[in-house]
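Breakdown of the fold
Residues per chain, in single letters:
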Amino acid sequence: MRGTTVDGPGFRTSIYLAGCRHHCPGCHNPQSWDPTGGDLMTLDDIMDIVEEEDFDVTLSGGDPLYNPESTKILAEALKANGRNVWLYTGFTWEEILEAPALREAVEKVDVVVDGQFMEGLKDTDLRFRGSANQRLVKVKESLSSGEIILY
Ligand code: SF4
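Here the structure is a predicted model, which means the values were calculated and not measured.

Attention now moves to the site of the ligand. Around the ligand, the structure places Cys20, His22, His23, Cys24, Cys27, Trp33, Gly62, Gly90 and Phe117. Its residues assigned to classes, the shell around the ligand shows five nonpolar, four polar and no charged.

Encoded structure:
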């Protein structure tokens, strides 16, 4: 976890969940692919750090949606704590909607940055994402309208 300004608006606490099976060529963080990597932390441990740093929060990885149950619990706790929450995933918004466990995991999140990193579409001028296929999806608005509403 660390304070960052690149994973969403404002200064944020980023939480990296271990494990990713997308294996995108050019991934910025391949050491995060191992689901047994990183430090084991309880929800209380994480919330203590979030409250101490007192920023909004970004869930990244790895891919948090390879641990949808834990991500759901974490997102709910963060929202109950009044945080704005962004989530980065290699799954597309359409794939999330088709998988009940993934959909439940993101329901409390404010913005999902979706899709795998694609080296051929890499653009360093894009805000908050690495490649042009990725979208900043406003979750509540998209779920209630039935179409993708972008941030
Ligand atoms: S989804 Fe993210 S963490 Fe996973 S391989 Fe792709 S770029 Fe890396």
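Having put the structure on the table, let's press on.
Okay, unusual backbone geometry next. Geometrically, the link from glycine 61 to glycine 62 is a cis peptide bond, its omega value of 10 degrees lying close to zero. With respect to the helices, strands and loops of the structure, glycine 62 is situated in the loop between strand 3 (56-61) and helix 2 (68-80). Here aspartate 54, not a glycine, exhibits a phi torsion of approximately 60 degrees, which is positive. Checked against the element boundaries, aspartate 54 lands in the loop between helix 1 (43-53) and strand 3.

Each aromatic ring pair is described using two quantities: the centre-to-centre distance and the angle formed by the ring planes. On inspection of all chains with the given rule, the structure shows four aromatic pairs. Here tryptophan 86 and tyrosine 151 contribute two aromatic rings whose centre-to-centre distance is 5.0 Å and whose plane-to-plane angle is 80 degrees, an arrangement assigned as edge-to-face. Here tyrosine 151 lies in the segment after helix 5 (139-145) and tryptophan 86 lies in strand 4 (residues 85-88), a separation of 65 residues in the sequence. In this structure tryptophan 86 comes out as buried when scored by relative accessible area, which is 0%. Among the residues examined, tyrosine 151 registers a relative accessible area of 48% and is labelled partly exposed. Taken together through their ring pairs, the aromatic side chains of Trp86, Phe128 and Tyr151 make up a single cluster.

Procedures and definitions
- All residue numbers here refer to positions counted from 1 along the written sequence of the relevant chain.
- With the structure being a predicted model, the display of local features is reserved for residues of pLDDT at least 70 and the display and counting of side-chain atom pairs for 80 or more, all residues being used for whole-chain, interface and lining totals.
- Heavy atoms throughout the structure, all of them, feed into the side-chain values; hydrogens and water do not.
- We call a residue near a given molecule or strand whenever any one of its heavy atoms falls within 4 Å of it.
- Each residue gets one label: Ala, Val, Leu, Ile, Met, Phe, Trp, Tyr, Cys and Pro are nonpolar, Asp, Glu, Lys and Arg are charged, and the others, such as Gly, are polar.
- Secondary structure follows DSSP: runs of H or I at least 4 residues long count as helices, runs of E at least 2 residues long count as strands, and numbering of each begins at the N terminus.
- Aromatic rings from Phe, Tyr and Trp, with only the six-membered ring used for Trp, were paired whenever their centres fell within 6.5 Å, and each pair was classed as stacked if the ring planes differed by under 30 degrees, edge-to-face if by over 60, and tilted otherwise.
- Only protein chains enter the calculation, and the probe is 1.4 Å; a residue is then buried if its accessible area is under 20% of its type maximum, exposed if over 50%, and partly exposed in between.

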